[in-house]
Amino acid sequence: MKLFHSINDFQSTKKTILTLGTFDGVHIGHKKILERITQNTENGKYESLVLTFFPHPRMVLQEKSEIKLLNTIAEKSKLLEATGIENLVIHPFNESFSRLTAEEFVHSILVDQFHIQKIIIGHDHRFGRNRTANIDDLIAFGHEYGFEVEQISAQEIQDVSVSSTKIRKALNEGNMALTNDYLGYSYFLSGEVVQGKQLGRTIGFPTANLHIDEDYKLIPKAGVYVVKALIDQEEVSGMMNIGFNPTVNGQKQTIEVHLFDFDADLYGKKIQVSLLQYLREEQKFGSVDLLKEQLNQDKKEALAFLSSL
């Protein structure tokens, strides 16, 4: 997949079949559209293209928006590449771009820059300044400029409409079954292993402390999870705590992963941790011994869950 960081950087000798949107999560609804794009370019006559934006438009246009995203840019790129898309354009979204009229957007970007043959979009897509243009406007532009418009209906995407908003809600509730069902994969966190307080080591539960650079990444509900970590392409099972370590009066949120049957120095390594099941809420214990007792119980439950997969 070729990656472009601006609309102006894109170049191709072929016409394109494209779609556009934020694609946060690259969930099963998005994949219906992406599959249609790749099916349309199988013969090699056209190139597939996804246009997405960063920052998320709500971050720019809504002053008090505190939206958290399901994917970092690197994660989204990786997920999109796995769908077989040939070209990904991540365009910087700012106020001046948001002021483009629908006509300007279609003419200068879709037609002149992307040499569009066909656009495939979801049933509720709106575009242009103040998002005033809809599917009917796009079809009219298609007649004017000579490109096709294909609409994916809500029914096609799924009987229950999948949305990034619903997935964020499920994550904030610790509902991993629903989250992962909607995504079509297990929600994951990517980050670097950094030095922690090393308390876990003293009670037989050493942990890898995960630091995530991107402050816009959605961290799910605090508590204990069953996880699988990807380390140098090897999958290792474990459990993870998201929280403040109240038993030892922790002051800031940490993400700590305890890996089963694994003993290696991970400091400085980038790892990916997939969340499979929520076990329990974080709680404060009367002593470190009581905490250790609970961790042993958590491990039993985690292993039982993993053996049921």
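Here's what I pulled together on the structure shown here. Chains are numbered independently. Their residues run from 1 in the order of the written sequence. At least 70 in pLDDT is required for a residue's local features to be given in this predicted model, at least 80 for side-chain atom pairs to be given and counted, and no such filter applies to totals for whole chains, interfaces and linings, which use all residues. Computation of side-chain values: all heavy atoms of the structure, hydrogens and water removed.

Remarks on unusual backbone geometry
Phase 1: For the bond from Phe 54 to Pro 55, the omega torsion is 0°, close enough to zero to count as cis.
Phase 2: By definition, any uninterrupted DSSP run of H or I lasting at least four residues is a helix, any uninterrupted run of E lasting at least two residues is a strand, and each is numbered from the N terminus. Tracing the chain through its elements places Pro 55 in the loop between strand E3 (47-54) and helix H2 (57-61).
Phase 3: Positive phi is not limited to glycine here, since Phe 23 has a value of about 55°.
Phase 4: Summarising the element assignment, Phe 23 is placed in the loop between strand E2 (16-20) and helix H1 (28-40).

Looking at the sheet that holds strand E4 (residues 87-92)
Phase 1: At least two bridges found by DSSP between two strands is the condition for calling them paired. What the six strands build is an open sheet, ordered E1-E4-E3-E2-E5-E6; its pairing is parallel. Each edge of the open sheet carries a strand with a single partner, namely strand E1 (2-4) and strand E6 (148-152). On average, each strand axis in the sheet is tilted by 20° relative to the strand beside it, whichever way the strands run.
Phase 2: Contacts: residue pairs with any heavy atoms within 4.5 Å of one another. In this analysis an axis means a line fitted to C-alpha atoms, helices contributing only their contacting stretch, and an angle means the value between N-to-C directions, from 0 to 180 degrees. Those strands touched by helix H6 (residues 135-145) are strand E5 (116-122) and E6, and its axis lies near 155° from that of E6.

Some details on the pattern of salt bridges
Phase 1: Salt bridge, as applied in this entry: a Lys or Arg side-chain nitrogen positioned within 4 Å of an Asp or Glu carboxyl oxygen. If you walk through the whole model with that rule in mind, you get 11 salt bridges.
Phase 2: Salt-bridge contacts for Lys 269 lead to Asp 232; the nearest nitrogen and oxygen are separated by 2.8 Å. Here Lys 269, found in the loop between strand E11 (254-259) and strand E12 (270-280), pairs with Asp 232, found in the loop between strand E9 (223-231) and strand E10 (234-243); they are 37 residues apart in sequence, far enough to count as distant.
Phase 3: Salt bridges linked by common partners bring Arg 36, Lys 118, Glu 148 and Glu 150 together as one network.

Observations concerning the packing of helix H8 (residues 164-172) against helix H9 (residues 176-183)
If you want to describe how two helices pack, look at the angle between their axes and the distance between the axes.
Phase 1: At their nearest, the axes of H8 and H9 sit 8 Å apart, and the two run at 155° to each other. The orientation of H8 relative to H9 falls into the category roughly antiparallel. In the crossing of H8 with H9, the sense of the turn from one axis to the other is left-handed. Here Lys 166, Ile 167, Ala 170 and Leu 171 of H8 come into contact with H9, specifically with Met 176, Leu 178, Thr 179, Tyr 182 and Leu 183.
Phase 2: Considered class by class, the residues forming the contact of H8 with H9 number seven nonpolar, one polar and one charged. When describing relative orientation, an angle under 35 degrees is termed roughly parallel and one over 145 degrees roughly antiparallel, while 65 to 115 degrees is termed roughly perpendicular and anything else oblique. Two helices crossing with the near one rotated counterclockwise from the far one by less than a right angle form a left-handed crossing, whereas a clockwise rotation gives a right-handed crossing. Under the grouping applied here, Gly and all other residues not named as nonpolar or charged are polar, the nonpolar ones being Ala, Val, Leu, Ile, Met, Phe, Trp, Tyr, Cys and Pro and the charged ones Asp, Glu, Lys and Arg.

Observations regarding the pairing of E11
Phase 1: For the exposure calls, accessible area comes from a 1.4 Å probe over protein chains only, and a residue counts as buried if that area is under 20% of its type's maximum, exposed if over 50%, partly exposed in between. For E11, the tally of buried residues reaches six of six residues, placing the bulk of the element in the interior.
Phase 2: Two strands pair when backbone bridges link them, and strand E8 (residues 208-211) and E11 are joined in this way by two bridges, in the antiparallel orientation. Within E11, the position partnered with Asn 209 by the bridge is Glu 256.

A word on H1
Phase 1: In this model H1 runs 19 Å from its N-terminal to its C-terminal C-alpha over 13 residues, within 8% of the 18 Å that 1.5 Å per residue would give.
Phase 2: All of the buried residues in H1 are Gly 29, His 30, Ile 33, Leu 34, Ile 37 and Thr 38. By definition here, a helix of n residues has an expected span of 1.5 Å times n minus one.

Quick word on the side chain of Lys 217
Phase 1: Assignment of secondary structure puts Lys 217 in the loop between E8 and E9.
Phase 2: Classification of Lys 217 as buried rests on a relative accessible area of 3%.
Phase 3: As used in this structure description, the phrase polar contact means that two N or O atoms lie within 3.5 Å; if the pair is within protein, one of them must be able to donate a hydrogen and the other to accept it, and residues adjacent in sequence are counted only when both atoms belong to side chains. Here the side chain of Lys 217 touches Leu 70 through a polar contact of 2.7 Å, landing on its backbone oxygen.
Phase 4: At a separation of 2.7 Å, a polar atom in the side chain of Lys 217 contacts the side chain of Glu 75.

Structural notes on the sheet that holds strand E7 (residues 188-194)
Phase 1: Strands sit in the order E7-E8-E11-E10-E9-E12 around a closed barrel of six strands; the barrel is antiparallel. Mean inter-strand twist for the sheet, computed between neighbouring axes without regard to direction, equals 45°.
Phase 2: Sitting on the sheet, H9 touches E9 and E12, and the angle it makes with E12 is about 130°.

Side note on the pairing of E7
Phase 1: Relative to E12, E7 is paired through five bridges, and the arrangement is antiparallel. Bridged to Leu 189 within E12 is Val 273.
Phase 2: Here E7 pairs with E8 via three bridges, running antiparallel. Across the sheet, the residue bridging to Glu 192 is His 211, located in E8.

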